[in-house]
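Listed below are the residues making up each chain.
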Protein chains: 2
Amino acid sequence: MGPVAIVGLGLMGGSLARALRDAGVEVVRGVDPDPTALAEGLRLGVITHAAASIAEAAEGASAIVVAAPVGLISGLVGEALGVSDCLVTDLGSAKASVIAGVGAAHRGRFIGGHPVCGGERSGVASSRADLFQGAMWFLTPTSDSRGPLYERLHAMVVAVGARPVAIDAEVHDHLMALVSHLPHVLAAQLIHQAAATSPGGREALRSAGPSFSDLTRVAGANPPLWADILLANRDAVLMAMTRHREGLERVEKAIVDGDREWLRQFVREAADGRERLRAPELVAVSTPWELTVGVPDRPGAISEIATALGHAHINIADLALRPGPPGGTGELVLVVADHAAAAAAMALLEQRGYRAEMGER
Amino acid sequence: MGPVAIVGLGLMGGSLARALRDAGVEVVRGVDPDPTALAEGLRLGVITHAAASIAEAAEGASAIVVAAPVGLISGLVGEALGVSDCLVTDLGSAKASVIAGVGAAHRGRFIGGHPVCGGERSGVASSRADLFQGAMWFLTPTSDSRGPLYERLHAMVVAVGARPVAIDAEVHDHLMALVSHLPHVLAAQLIHQAAATSPGGREALRSAGPSFSDLTRVAGANPPLWADILLANRDAVLMAMTRHREGLERVEKAIVDGDREWLRQFVREAADGRERLRAPELVAVSTPWELTVGVPDRPGAISEIATALGHAHINIADLALRPGPPGGTGELVLVVADHAAAAAAMALLEQRGYRAEMGER
């Protein structure tokens, strides 16, 4: 992979820089408004070059990764697209609002990303090459996305040890509101409510057991970032909060009615649901299978295929594009975990009118 | 300590039996409706005797501990009080409803308890002697409680490595609704909501990162027990849920208004609150101090003193009663962590009209 520019050298950007260096990327340039972060990044060998501007970092780059806090992403993505002609991606946890901000002329080159991982401490000094190891990394290609750029981004994500999952941006935001943003709000609200409660002088916060501490672990992390995330994903977060309150009203009714059986069922179903949390994605094992799909030479075809598989929880371990003649049909080669995954993928692709073949690899 | 009867030989009862045996209690009798639990308890050396009834287990006992699920506690406590003349306590996580169920004639002998600990797996086979090590163990003595029985219970809790904290039963239930029961409901509700959400086929439950898994760890544990807990602590749980929904409405308003500053402050204050979670109780260190308090020979005096200190987060490492003449004044000796704790305790006791002296131990 050619030079990569990392815009924003904190925990995420720094860790990605390290992981890319470990994966053999020779030139990793950093840009950051904070000169000490850049100096630290150079000193620690996290980046190979410190650039004074995105334009400087973008020179000859094969990808620009915007690793800035959510509130700054749209502006920096726009700037990066304007000064480059390569792939631009980001690492933010709200995607639709970033895509909406990309000008029509640049839509083919921006593909949003969101690695689902993080650390307790921020800053380039806390960065580590293995941060993405085994993590899900959502990618949100659109019908405008250029196939070869998606291929490049997929390869980059695999190179740093993560598991790329293509997903529709709206679907992504809806899901993250539920499994990440709402839980953060609830954790903070629990702490607030406990902090405001000390009947007879006994403080609720100092009367809690270890499980309360686990449940509220995320509360209070990075206030400016989280305020921005809630606003960037406003509609989906509000919808999740409304559904949450409706759900609680049903629980309250059962308690008021003394409906023991309903409450048991409520808890029992939660236990069943937790089992799904542990259900593994289909990941590459001993005998991977390969699919070869005919794809037309137009933007969006690979996005459509990758997203269909991502939504169906079929992991694409590897993805390679063999272009056909201009305007003709090329081939997309996908590697999936096993025969079952290949068969499921075949069915999905045929439903969508693609012709595909599969075979043991 | 004389023989102890454990009613209900599951994880909690079994662990307490083991811990008491390790602490030198020679006779620990178990009672359980499930004969295999009793046989297992005997086989593993958890208990020394299996009793066929509470009456049989209670013979010559110095304490009966009801270690049954919350829904059964009131009935078993009543039975234990009826067939004994010793201390009766329990381990349930809702206290006021149990106390309310105790007949007037027996109120002096029942002192509720709630060790704040547990394990993932239930059953006597999962029991372990160190389960209570370092755990908070709430005790809810009342104005009826006999001083020597509170002294005995305090000593028993200390003997198994836990930290007794006297607390008013209503205060306890109010606090637990907030730091334990509401969080359980929220975790279960999060799982339910995620389980019901799979836009475009992509399952929310399989799109969550490790923090969602942490946040919902308690969801789905022991459905019958948790249904009973929510009903046993009905009023406090409903109040906590109402406040929770009100709190969320304020967050929703800030998101709708785009009020970034409010949201930042909300998260920032949660971070401050989390710091309080970690604030240690004042526990015994190198130079403990001793308080000697004059106490009248009437039920409730020790309860009042212990509860006042518990509410003020002053840990009583040791507690001994030196009775005076019948109807006269005895002495209560309290050991606390250090000079500061002793001085704080002195001030509280004087406010309540007690005469006390303090000195380095």
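In the block above lies the structure referred to throughout.
Residues numbered from 1 in each chain as written. Chains lettered and ligands numbered in written order. Predicted model: local features only at pLDDT ≥ 70, side-chain atom pairs only at ≥ 80, totals over all residues. Heavy atoms only, no water.

Engineer: How would you summarise the overall build of chain A if you had to cite specific residues and measurements?
Structural biologist: Broken down by element type, chain A carries 13 helices and twelve strands. Relative to the globule expectation of 21 Å for 361 residues, the C-alpha radius of gyration of chain A, 23 Å, shows essentially globular dimensions. Along the three orthogonal principal directions, the C-alpha set of chain A runs to about 75 × 50 × 40 Å. Residue burial in chain A is summarised as follows: out of 361 residues, 56% are buried. (Helix = DSSP H or I, 4+ residues; strand = E, 2+ residues; numbered from the N terminus. Rg over C-alpha atoms; globule rule 2.2 N^0.38 Å. Buried < 20%, exposed > 50% of the residue type's maximum accessible area, 1.4 Å probe, protein only.)

Engineer: I'd like a rundown of the pairing of strand E7 (residues 136-140) of chain A, residues and numbers included.
Structural biologist: Residue and element names in this part refer to chain A. Of all five residues in E7, five are buried, a share of seventy percent or more. Of the two faces of E7, both are covered, the one formed by Met136, Phe138 and Thr140 as well as the one formed by Trp137 and Leu139. Pairing of strand E6 (residues 112-115) with E7, which is carried by four bridges, proceeds in the antiparallel orientation. Following the sheet pairing, Gly113 is matched in E7 by Leu139. Where E7 meets strand E8 (residues 163-166), four bridges bridge the pair, whose relative direction is parallel. Across the sheet, Trp137 pairs through a bridge with Pro164, a residue of E8. (Pairing = 2+ DSSP bridges.)

Engineer: Can you explain the relation of the copies chain B and chain A? Please cite residues and give values.
Structural biologist: The two copies are related by a screw operation: chain B maps onto chain A through 180° of rotation and 0.0 Å of translation along the axis, at an RMSD of 0.0 Å. As the rotation angle and translation indicate, the two copies are arranged about a two-fold axis. Rotation axis and chain B: the residue whose C-alpha lies nearest the axis is B:Leu215, separated from it by 2.3 Å. Taken as a fraction of all interface residues of chain B, those also at the interface in chain A reach 100%, which identifies the copy contact as same-surface. (Least-squares fit on C-alpha atoms with pLDDT ≥ 70 in both. Contact = heavy atoms within 4.5 Å.)

Engineer: Give me the pattern of salt bridges: which residues, what numbers.
Structural biologist: All names here are of chain B. In this structure the tally under the stated criterion is 34 salt bridges over all chains. One salt bridge in this structure joins Glu290 and Arg361, with 3.0 Å as the shortest N-O distance. Separated by 71 residues along the polypeptide, Glu290 in strand E9 (residues 289-296) and Arg361 in the segment after strand E12 (356-360) bring together distant segments of the chain. Judged by its relative accessible area of 22%, Glu290 falls in the partly exposed class. (Salt bridge = Lys/Arg side-chain N within 4 Å of Asp/Glu carboxyl O.)

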